[in-house]
Amino acid sequence: MTSPTSLPLLDYCEFEMALAHTPVLLDELVELLSPSEGEVAFDATFGAGGHAAAVAAELGETGLLIACDRDPTVEGFYRDVACAAPCRTKHVHGNFADVLSRRQDESLDIVYMDLGVSSMQLDRRERGFSYAYDAPLDMRMDPSAERSAADLVNELPEDELKAIFRRYGEERYAREIARGVVEARARRPLTTTGELVEVVKRSIPTPARFGAGNPARRVFQALRIVINDELESLARGLDEAYRVLRPGGRLAVISFHSLEDRMVKRFLRGQAAGCICPPGLPQCVCGHEPTMRLLTRRAVVPRQREVETNPRSKSAKLRAAVKL
C-alpha cells in the first residue's frame, strides 16, 4: 500500500480528504459512551454519520438516535444511517447548542460531539474550506448563513483581522498577514481560497513558507471558527448538554485544535471538581460538590495505526465524563 507521506502534495490532500469520511477515534468513543438497549443518544455533529452508525447499532429497537447538524447536505448520509440502524432515528437541522437549548428536561443518556470541519465540507471544493484547492472563499457550515469568509477578509479593519488570526488561529504572523490582506483587497476583492493562500505566502518570511503543512492553515482555521461561531457554540453546547443529560448520562467530545480542547478540558474538570475554596482555609465554606465524574483523566488520542491510515485523526483529542 502506498504511504500517504510518499504522495505528491496535491495527491496527499486528496488522499486525506477521501479518508475524512472515516470516523475518528470510533472504537474509543463507543467504549467510553457505552451505549445500551433503549437509550437516547444525541449526535451533535452528525456529518457523514460514521460515529452515529456505530452508536445506533448498540441502542436496539427501543433506543433513539437524534442526528443533529447545521449543514443541510448531511441528509443523504442520515438516510443511509437511518435505513441500516436497528433503533429509531430522528434528524434535526441546526446548531447543536440551539437544538439542545430547546429541550426542556433531562431526557438524554448520551451526547457526543465531533468538532471542526466535516467530511462533506472538506470533500466539496465549492464550500471553500480547504486551502488545497482554488474555490470560492466561503467556509459556511450552514450555507444559508449571512457572512462568508470573503465578507470577513474584504470588510473587516486590519486590527480586527489581526486579532482574529492571532486569537483563533494562534498565528505568529497575524499582523503581517492582516496587513497583506488589506493591501491586496485595495487592488481587488479577495474572492477565492487560492487568492487568500497567496496573500498569506507573500506576507510571511520566506522560511515560514516551507514549514510543516500549508502556511495558510491557521488563517483558514481562524476564519472558519469566527464565521461559524464555533467556540461560542461549543461553550453553550457544553452547558446545554450537561443540563439535558440524565443522571448517569455520558458526554464525550472530540476536538481538533487547542482552543477547543482547552474549553472542553476546563468545562469537564470544573464539573468534576469538589471544593473550590482558596487554599489555606481551615474548612470548606463553598459547599461545592462534583456534578460529573471524568471518564478520561487525560485526553484520549489516536493510536499510531489510525494516524497512518487516516491523517485527519492526527490532532484529535477525546474527553468524556458521566453526569452524577
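Residues numbered from 1 in each chain as written. Predicted model: local features only at pLDDT ≥ 70, side-chain atom pairs only at ≥ 80, totals over all residues. Heavy atoms only, no water.

On to the pattern of salt bridges, then. The tally for this structure, following the rule as stated, stands at 18 salt bridges. For Arg 319, the salt bridge goes to Asp 261, with nearest N and O atoms at 2.7 Å. Residue Arg 319 is located in strand β7 (residues 317–323), and its partner Asp 261 is located in helix α13 (residues 258–272); the two are separated by 58 residues in the primary sequence. Judged on exposure class, the residue Arg 319 and its partner Asp 261 are both buried. When salt bridges with common partners are traced through the structure, they connect Asp 98, Glu 232 and Arg 236 into a single cluster. (Salt bridge = Lys/Arg side-chain N within 4 Å of Asp/Glu carboxyl O. Helix = DSSP H or I, 4+ residues; strand = E, 2+ residues; numbered from the N terminus. Buried < 20%, exposed > 50% of the residue type's maximum accessible area, 1.4 Å probe, protein only.)

Our focus in this paragraph is the nonpolar core. Within the largest apolar cluster, 36 residues are counted, with the highest numbers of intra-cluster contacts made by Phe 165 and Leu 223. Contributions of two or more residues to this core are made by α7 (149–155), α8 (158–169), α9 (174–187), α10 (193–203) and α11 (217–227). When residues of this core are assigned to their parent elements, the largest contribution, seven residues, is made by α11. The contact partners of Phe 165, leaving out residues within four places of it in the chain, are Glu 170, Glu 171, Ala 174, Ile 177, Ala 178, Val 219, Ala 222 and Leu 223. In terms of nonpolar packing, the next biggest core, distinct from the first, is built from 28 residues, Val 40, Phe 42, Leu 64 and Val 244 among them. (Core = buried A, V, L, I, M, F, W, Y, C linked by side-chain atoms within 4.5 Å. Contact = heavy atoms within 4.5 Å.)

What follows concerns the pairing of strand β3 (residues 88–93). Sheet topology places strand β2 (residues 64–69) next to β3; six bridges connect them, and they run parallel. Paired with Leu 64 across the two strands is Arg 88, which belongs to β3. Regarding topology, helix α4 (residues 75–84) serves as the crossover connection from β2 to the parallel β3, and that connection is right-handed. (Pairing = 2+ DSSP bridges. Right-handed = clockwise from strand over helix to strand, strands pointing away.)

The contact between α10 and α11 brings their axes to 10 Å, and the two run at 125°. For the element pair α10 / α11, the angle class is oblique. Helix-helix and strand crossings are classified by hand; for α10 and α11 the assignment is right-handed. Residues Thr 193, Leu 196, Val 197 and Val 200 of α10 form the contact with α11, whose participating residues are Val 219, Phe 220 and Leu 223. When grouped by side-chain class, the residues that make up the contact of α10 with α11 number six nonpolar, one polar and no charged. (Axes fitted to C-alpha atoms, helices over the stretch in contact; angles between N-to-C directions. Parallel < 35°, antiparallel > 145°, perpendicular 65-115°, else oblique. Left-handed = near helix turned anticlockwise from the far one by under 90°. Nonpolar A, V, L, I, M, F, W, Y, C, P; charged D, E, K, R; others polar.)

Counting buried residues along β2, six of its six residues qualify, which places the element largely inside the surrounding structure. By the alternation rule, side chains of β2 split into Leu 64, Ile 66 and Cys 68 and Leu 65, Ala 67 and Asp 69, which are all buried. Sheet topology note: the strand β1 (residues 40–43)/β2 ladder contains four bridges and is parallel. Along β2, the bridge assignment pairs Phe 42 with Ile 66. For the crossover from β1 across helix α3 (residues 50–56) to β2, the handedness is right-handed.

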